[in-house]
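The primary structure of each chain is shown beneath.
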Amino acid sequence: MSGERLLTINNLSVTFGGLHALRELDFHVDEGEIVSVIGPNGAGKTTFFNMISGMVTPTSGEIIFENQSLIGLDPNQVTARGIARTFQNVRLFANMTILENVMVAQHCRTKQGLWGALFQTSSFKREEEEIREWGEKVLGFFGTRLVGYRLDQPASVLSYANRRRLEIARAMATKPTILLLDEPVAGMNPKESEELTRLIGELRSEWGFTIVMIEHDMGVVRDVSDRVVVLDHGETIAQGSYEEVSTNPDVIEAYLGRPAEEAS
Amino acid sequence: MTDTTVLAPARGVLDQDWRKIVNYGLLLALAEVFIALANMPVGLDDFILIEPILSLGYVSLLWLPLLLGYSIGTEKVLEGVTSHAKGAREVVAGACVGLIGGGGVSGLVLLLDNFDLRDPLVNWSPQLLALLAFDNGVGYGVGVWLAIGGGLGLLGGSMHLIAPLARRVVSTMVLAVVGVAVLETILSDIAEDLFLEWLADWIYFIRGGVSLHGAATVAVVAGAYAVWGSKAVKGAKASYQALEGVERKQANKVSIAVVVAATILLPLVLGKITNELLANVGLFLLLALGLNIVIGLAGILDLGYVAFFAVGGYTTAILTSPNRGDSWPTWIPQVWWVVALMLVIVLAGLTGLFIGAPVIRMRGDYLAIVTLGFGEIIRLLFLSDWLGGFTGGAQGVTNVPGVQVFGLANVRGTDPRAVFYLVAFFCAIAIYVSWRLEKSRIGRAWMAVREDESVAEAMGINTVNVKLLAFVVGAVLASFSGAIFAAKVGSVFPTSFIILVSIVILIVVIVGGMGNIAGVVAGSVVLIGVLGGPKQPGLLQEFSEFKLLIYGALLVWMMLKRPEGLIPNVRRTRELHQDEFLQDAWLKGQIDEGDETGDGGEVAPA
Amino acid sequence: MTTAMKAKAAPRTGVDWFLLLIKSVMFFFIATGVLLFIFQQIDPGNPIASRLNDDATGLTADQFEGLVIAGLSQGAMYGLIALGYSMVYGVLGFINFAHGEVFMVGAMTGMITSNKLHEAGAWESNFVPSLLFIVLLSIVVSTLTAVVMERVAYRPLRGSPRLIPLITSIGVSFFIQNVSVVLLGPGAKSYPALPDWLSKKRDIWFISIEGTRLLVVLVAAVSMVGLWYLVERTKTGKAMRAVAEDKEIASLMGINVNRIIVTTFAVGGAMAGVAGILWGIMFRSVIHTTGFLPGIKAFSAAVVGGIGNLNGAMAGGLSLGSAEAIAPLVILEPWGVSGVSQLRDAVAFSVLILVLLVKPTGLFGERLSSEDRG
C-alpha cells in the first residue's frame with residue numbers, strides 16, 4: 001500500500017572526532033509507510049534522527065526529501081519542509097501551557113508578526129483562532145488525556161506518559177508529512193503502550209502521516225511496522241519485515257553478542 | 001501548608017542545634033560590625049524615625065537581631081516530615097543568637113576605644129564610638145549592646161509563640177510605622193494637597209520623624225487593618241479571581257481604568273521633587289520593560305542594554321540641540337523631538353540588529369559578556385576624540401531643548417510633572433507592546449526559545465530571527481527612554497551611559513520578577529523610587545551612599561531565596577523551583593490523577 | 001549530541017551573510033591597517049599614509065619594543081586572572097563574574113598592608129621580606145574571599161540553569177565592589193614607592209625592561225608552572241579533571257566533589273591575589289573598580305585562549321594584552337583615528353568579539369565536559 005518515495009538517504013556517514021557514528025547508511029521511506037529503526041544501545045539510531053532533522057550535519061552522503069536535498073538545512077527549515085520529530089528524553093516546553101506547546105509548534109505554518117499582534121488586525125485574530133483550533137484538534141487525538149481543564153496547565157504537571165503524548169501532539173501540530181518518533185512508548189506500562197500502538201496506526205490511517213520510529217519494545221515494532229531496519233555500530237545490518245529481521249542471525253548476534261569462542 | 005498539619009510536641013529547651021545557633025550568632029555579629037563600619041548608624045542617624053527615641057541609624061543595627069532571632073526558630077516545612085510545635089526552645093535559641101550578635105557590637109565598641117584603624121577603615125571614628133556607647137562610656141555601651149542583642153533575639157524568638165493573627169498584627173504595625181516615617185516627604189506632600197495638613201502635623205514631628213502620638217495612631221490603624229481590613233482585601237481578591245469570562249474582563253477593565261486615573265491624578269497632588277522622582281521611575285521602568293522582553297520572555301541575558309539607551313539619548317540630543325559637535329555638516333537641520341524620535345527608532349533598531357547579529361548564536365553566558373563589551377565599546381566611542389567631533393567627547397552634547405508636543409506644550413526637565421506624563425505615555429505603550437506580544441505567535445516563540453532553544457528550533461522556529469526580533473524590540477523601547485532622558489536632562493554625557501545602568505536595570509527586572517509586567521513595575525517603583533537609580537537620588541536620599549551595596553546584596557539574595565522576584569510570574573516560579581514543586585506535588589499525590597501509573601516524580605530535562 | 005557539534009556549512013540566512021560581511025570588513029580593516037602601518041614605517045611621508053593621517057610618524061624600534069613589553073606584562077597579569085575564570089568554567093560550567101573582584105580584594109589587601117609596613121619603616125628597610133609578606137597575606141585574603149563566595153552564593157545554586165549563577169555572580173561582584181566603597185572609602189588609594197633597584201629599567205640581553213614588568217612576567221611564569229604541576233601531576237589535579245568531566249561519575253568514584261570545587265575556587269583566588277599585588281606594584285594605585293575591567297578582559301582572555309584550557313588562558317592573556325597595547329597604534333592610527341590610546345579597552349572587547357565570531361572555541365580549543373558545551 002506504500003506510495004511515492006518520500007525520503008531517500010544515500011551513503012550517509014557522520015564522524016565525531018574519528019568515531020564513526022553512522023557509516024555509509026542507505027535508507028528510504030515511502031509515503032504511508034511505518035518504518036521502525038531498531039538496534040542495540042549506541043547503534044547510532046538517535047544520531048540518525050538528529051541528522052534527518054538537521055541537528056547534526058552529516059560528514060558525507062545525501063538526504064533527499066520530496067526530491068530536494070535536506071543537507072545543510074537548519075532544523076527549523078527541515079521542520080518547515082514537513083519532517084517533525086519527538087525526543088527520546090521528552091523535551092517539552094515545561095513552563096508553557098499544554099495548549100501553548102502545540103500552538104508554538106505551528107510557528108512555521110503561520111506568519112503573523114509584530115504588526116498583527118500590536119494592532120490586533122483581523123487576520124491576526126483569525127490566525128490565532130486557527131492556531132488554537134488546530135492545537136485543540138491534535139490534542140483531541142489522545143482522547144480525554146490532554147484536553148479539558150488541562151489546556152491551561154503548564155506541561156510540567158503532566159505524568160510521564162502524558163508528556164510523551166504531548167510531545168507527539170506537538171510534532172503533529174507542525175503539520176508534517178513524516179513523523180519521526182524517538183522511542184514513543186519508552187517508560188509506559190503495557191496498557192499505555194498498547195493504546196499508543198493503536199494510535200500510531202491511526203496516525204497513518206486517519207491523519208495520513210508517514211512514520212519512522214525508533215523503538216526498543218519489540219511488541220510494538222511487530223504490531224505496527226511495515227518494515228524494520230536494524231542498525232548496529234552505525235551500519236544497517238538488516239532490513240525487511242519484522243519476521244525476516246527477527247530471524248536474521250546478524251541481528252541476533254548484534255543483540256545478544258557473539259558466542260564466546262568467536263569473540264576472543 | 002495547611003492549618004490542619006499535626007504538630008509533634010515542642011522540643012526541650014536544651015535540645016538545641018548549638019552549631020546552628022553559633023553559626024547564626026557569628027553571622028549576625030559579623031553583619032552588625034559590617035553595618036557599623038559601613039557608616040550606616042552614623043550616616044543615617046539624622047534620619048529620625050520616631051522623635052525622640054529612634055533614628056534610622058539605630059534601626060540599621062536593630063532589625064537584624066530581631067530577624068535572625070526569629071528565623072533561627074523557623075524550620076522549612078517539608079511534606080512528609082514531622083514539624084514540632086514551637087516553645088521555649090525557640091525563644092532561648094533566638095536570645096542566644098541575639099546575644100552573640102550583640103557581643104559582636106560590644107567587641108567593636110572595645111576595639112574602637114582601644115585601637116585606631118581609621119587609616120584603611122574610613123568610618124572608624126569617634127562619632128561611631130560615641131553613637132555605639134550612647135555617649136555614656138565604653139562599659140555602658142558594651143553592656144547595653146549585649147542586653148539589646150539578647151533582648152531583641154528573645155523578642156524575635158518569642159514571635160513564634162504568639163498566634164499567627166497577633167504576629168500579623170505586630171508585623172503590620174511595625175512596618176506601617178517605619179513605612180510612614182520613611183515616606184514622610186511624599187506623604188506630607190500628598191497630605192498638603194488634599195487639605196489634610198492637620199493630619200500630617202499630628203503624625204509628624206516638626207523637624208522630621210514621626211511623633212510618639214503619631215506613631216501610636218499609625219500603629220493602632222495598622223493593627224486594626226491587620227485584624228479586620230486584610231480579610232476584606234483577601235475576600236475581594238478571591239472573588240475577583242473567581243470571576244470568569246465577560247465579568248472578569250469587565251473587572252480587568254475597571255482596574256486598568258483605576259490605575260490609569262491614578263497615574264494621571266497622582267502627579268497633580270505631588271510636589272516637584274516627588275514628580276521628579278516619578279519621572280525617574282518612569283524612565284527606568286521603560287528600560288526595564290524593554291529588558292524584560294529580552295531576558296524575561298526570550299531568555300537572553302543582555303548586559304549591554306545601556307547601549308540602546310545611549311543611542312536613543314545621543315541621537316535625540318544631536319538632532320535637536322544647537323550645540324552638537326562641530327563635525328556635523330551644517331545642512332543637517334535641528335528638528336523637533338518628535339521628528340528625532342522617528343530616527344531614534346530606526347537607529348535603535350539597526351543598532352539592535354548590528355549588536356544582535358554577531359552575538360545571537362553564542363551560548364547564553366558568552367552572549368552576556370559580549371553584549372557587555374558592546375555596551376562599553378559604544379560608550380568609549382562616544383567618549384573618544386575620534387568621534388568627539390560628532391558626539392562632543394567628554395563634554396557631551398548640551399542645550400538639548402525640551403519636547404515640543406505639537407506646539408501645545410514644551411516638556412523639559414524644569415517641569416517634572418510634564419516629563420512624567422510623557423514617560424508614562426511611553427510606559428503605557430511599552431506595557432501594551434509587552435502584553436500583546438506575550439500573547440502572540442512571536443511571544444510564544446520567545447518563550448519556547450527561553451525554555452529549550454534546540455527543541456524550539458526543531459519545532460520549526462527560526463531561533464536566530466526570533467531572538468533578533470526580541471533584541472530589536474528591547475532596543476527600541478530602551479531608545480525611547482534615552483530620547484526622553486536627553487530632553488529631560490537637557491544634555492547627554494558618556495558618564496550617563498555606564499555599564500552600571502545596565503546592571504541596575506537587570507536588578508530591577510530580577511527583583512521585580514522576570515517575565516512579569518506587574519513585577520517589573522513594582523521593582524522599578526520600589527528600587528528606583530525609594531533607593532534611587534545609578535545617579536538619580538531616590539526617596540531616601542540618605543541611602544544614596546549605600547544603595548549600590550543594597551542592590552548587590554539584594555540581587556544575590558533574590559537569586560538564592562526568591563529567584564522568581566517580588567511578584568512572581570507563575571510560570572517562572574515553576575521553572576525555578578521545579579524540583580521542589582514536583583516533589584511536593586508527588587508526595588501529595590496531586591500530579592495527574594488521570595493516569596494510573598504516571599511516574600510523575602520524574603523531571604524531564606529542561 | 002548537542003547542536004554545538006554540527007559544522008556550519010555555507011552561509012544561508014541573512015544573519016549569516018551579515019556576519020560574513022562583518023568578518024570581511026574587519027579583516028580588510030585590520031589587514032589594511034597593518035599594511036598602512038608598514039608603509040608608514042618605510043616612509044612616513046608617503047602619500048597614502050599622510051592622506052589618512054597627517055601627523056603619521058610611525059614608531060621607532062624602541063617605542064615598538066616598549067609597547068610589546070608593556071603588552072606582554074599586562075597580558076601576563078590578565079593570564080593570571082584568566083586562570084581563575086577558566087578553572088571555574090572548566091569545573092562548574094559558569095562564568096564567575098565576581099572573580100575580578102577577588103583580584104581587587106587582593107590588590108586592596110596589598111595596599112593596606114604595604115602602607116602599614118611603610119609607616120613602620122619595614123617597607124624600605126626590608127623590602128623583599130615585606131613584599132613576600134604582602135603577597136602571602138593577599139593570597140590568604142583572596143583565597144578566603146573566593147571560598148566564602150562559593151560557599152555562600154554559588155553552592156546553593158548548583159544544578160540550576162546556567163544563567164542563574166551568572167546573574168548571582170554579577171550581584172556578588174557589585175556587592176564586593178561596594179563593600180570596598182563603604183569600608184575603605186570611594187577614592188583611589190596608592191601603594192608606597194618601590195625601591196629603585198626594582199622599578200628602574202634594566203637591559204637584559206637585547207631588550208630593556210622595567211624591573212616591575214620583569215617581575216610580573218617571572219611571577220606569572222612561576223605560577224603557571226605551579227598550576228600545571230597541580231593540575232597535571234597531583235592527585236587533586238586528577239580529581240579536578242574528573243569533576244570537570246562529569247560531577248556525578250566523579251562522586252561515584254569516591255571523589256569529594258564539594259572539596260574539589262572549593263579547591264578550584266581557592267586556587268583561582270590565590271592566583272588572583274598574586275595578580276592583585278602585581279597590579280599594585282605595577283600601577284601603584286587601586287580603587288574599588290580596579291577589578292572590573294581587568295576581570296572582564298581576563299575573562300575575554302580565557303575565552304580567546306579556549307575556556308577550560310589553562311595553557312590557553314595564559315596564552316589568551318598574553319595575546320589580549322599585546323593586542324590591546326599594539327593594535328591601537330598599528331591598526332587604528334594608520335587609519336587616521338585620533339586619540340587611539342582611549343580605545344584600548346574597545347580594542348580588547350573587539351578582540352573577544354572577533355575571536356568568538358571566527359573561532360568560538362578559542363584559539364587553543366576548549367576543555368569542557370560535553371554537558372557544558374550546549
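What counts, and where the lines are drawn
Residues numbered from 1 in each chain as written. Chains lettered and ligands numbered in written order. Predicted model: local features only at pLDDT ≥ 70, side-chain atom pairs only at ≥ 80, totals over all residues. Heavy atoms only, no water. Helix = DSSP H or I, 4+ residues; strand = E, 2+ residues; numbered from the N terminus. Rg over C-alpha atoms; globule rule 2.2 N^0.38 Å. Buried < 20%, exposed > 50% of the residue type's maximum accessible area, 1.4 Å probe, protein only. Contact = heavy atoms within 4.5 Å. Areas by Shrake-Rupley, 256 points an atom, 1.4 Å probe, with all protein chains shown as cover. Lys, Arg positive; Asp, Glu negative; His and termini not counted. Charge placed at Lys NZ, Arg CZ, Asp CG, Glu CD. Axes fitted to C-alpha atoms, helices over the stretch in contact; angles between N-to-C directions. Parallel < 35°, antiparallel > 145°, perpendicular 65-115°, else oblique. Nonpolar A, V, L, I, M, F, W, Y, C, P; charged D, E, K, R; others polar. Polar contact = N/O pair within 3.5 Å; in protein donor to acceptor, adjacent residues only side chain to side chain. Core = buried A, V, L, I, M, F, W, Y, C linked by side-chain atoms within 4.5 Å. Domains from an automatic or database assignment. pLDDT = per-residue confidence, 0-100. Buried area = accessible area lost by both parts, 1.4 Å probe. Salt bridge = Lys/Arg side-chain N within 4 Å of Asp/Glu carboxyl O. Patch = residues over 30% accessible without salt bridge, like charges linked within 9 Å, V, L, I, M, F, W, Y side chains within 5 Å.

Trainee: Looking at this structure, how should I read the overall build of chain C?
Mentor: Each helix and strand in chain C was counted, giving 15 helices and 4 strands. In terms of C-alpha radius of gyration, chain C reaches 22 Å, essentially the compact-globule figure of 21 Å for 374 residues. Based on the C-alpha atoms only, the size of chain C along its principal axes is roughly 70 × 65 × 40 Å. Among the 374 residues that make up chain C, the fraction classed as buried is 55%. The long-range share in chain C, meaning contacts at least 24 apart out of those at least 6 apart in sequence, stands at 75%. Carbon and sulfur atoms make up 67% of the accessible area of chain C, which totals about 15800 Å². A gap of 9 Å separates the mean positions of the 27 positive and 23 negative side-chain charges of chain C.

Trainee: Which parts of the structure should I look at to understand the packing of helix α3 (residues 61-92) of chain C against helix α13 (residues 292-305) of chain C?
Mentor: The packing of two helices is summarised by the inter-axis angle and the distance between the axes. Residue and element names in this part refer to chain C. Running from N to C, α3 and α13 cross one another at 70°; their axes reach a closest spacing of 8 Å. As far as their axial angle goes, α13 and α3 are roughly perpendicular. Residue-level contacts link Y78, I81, A82, Y85 and S86 of α3 to P294, G295, I296, K297, A298, F299, A301 and A302 of α13. When the residues that make up the contact of α3 with α13 are grouped by side-chain class, the tally is 10 nonpolar, 2 polar and 1 charged.

Trainee: It is not clear to me how the packing of helix α1 (residues 14-42) of chain C against helix α14 (residues 310-332) of chain C should be interpreted in this structure. Could you clarify?
Mentor: Residue and element names in this part refer to chain C. Closest axis-to-axis distance for the α1/α14 pair is 7 Å, and the angle between their directions is 80°. In terms of their interaxial angle, α1 and α14 are classed as roughly perpendicular. Within the contact between the two elements, α1 uses F29, I30, G33, V34 and F37 and α14 uses L329, V330, I331 and L332. Split into classes, the residues belonging to the contact of α1 with α14 amount to 8 nonpolar, 1 polar and no charged.

Trainee: What's the story with the side chain of R85 of chain A in this structure? I'm lost.
Mentor: Position of R85 of chain A among the secondary structure elements: in strand β6 (residues 83-85). At 2.6 Å, the side chain of R85 of chain A and the side chain of N50 of chain A are in polar contact. At a separation of 3.3 Å, a polar atom in the side chain of R85 of chain A contacts the side chain of S53 of chain A. Not counting chain neighbours up to four residues away, the residues in contact with R85 of chain A comprise F49, N50, S53, M55, A171, L180 and D182 of chain A together with M459 of chain B.

Trainee: How should the nonpolar core be read in this particular structure?
Mentor: Counting residues in hydrophobic clusters, the biggest one holds 285 residues, and the most contacted among them are L132 and W446 of chain B. It is helix α20 (residues 463-489) of chain B that contributes the most residues to this core, 17 residues altogether. Summarising the domain contributions, this core has at least three residues from each of domain 1 (6-161) and domain 2 (258-568) of chain B. Ignoring any residue separated from it by four or fewer positions in sequence, one finds L132 of chain B in contact with L61, V105, L108, V109, L112, G141 and W145 of chain B. Listed in part, the 40 residues of the second largest apolar core include I34, W134, L151 and V224 of chain A.

Trainee: Please clarify how the confidence of the model for chain C should be interpreted in this entry.
Mentor: Should the pLDDT be low somewhere, the predicted coordinates at that spot are not to be read in detail. Residues and elements named next belong to chain C. Here chain C shows a mean pLDDT of 87. Residues at 70 or above account for 91%. The least confident element of chain C, judged by mean pLDDT, is helix α2 (residues 47-52) at 68; the most confident is helix α6 (residues 127-154) at 95. Every residue in residues 1-9 is under pLDDT 50, and counting partners more than four places away or in other chains gives 17 contacts. Predicted complex metrics record ipTM = 0.92 and pTM = 0.90.

Trainee: Where do I start with the interface of chain B and chain C in this structure?
Mentor: Facing the 58 residues of chain B at the interface are 60 residues of chain C. Summing both partners gives a buried area of about 4900 Å² for chain B against chain C, and 78% of it is carried by carbon and sulfur. It is R363, Y366 and I369 of chain B in chain B that bury the most area against chain C; as a group they hold 13% of the surface buried on that side. On inspection of chain B and its partner chain C, the count reaches 3 salt bridges.

Trainee: What's the story with a positive patch on the surface in this structure? I'm lost.
Mentor: A surface patch of like charges, here positive, comprises R168, K231, K234 and K237 of chain B. With respect to the helices, strands and loops of the structure, K231 of chain B is situated in helix α10 (residues 212-242).

Trainee: Please explain unusual backbone geometry as it appears in this structure.
Mentor: Peptide bonds are, in most cases, trans, and in most cases residues other than glycine have a negative phi. Backbone geometry at E24 of chain A places phi at a positive 40°, although glycine is not the residue there. Looking at the element boundaries, E24 of chain A is found in strand β2 (residues 19-30). We note that R284 of chain C has phi near 60°; this positive angle belongs to a residue other than glycine.

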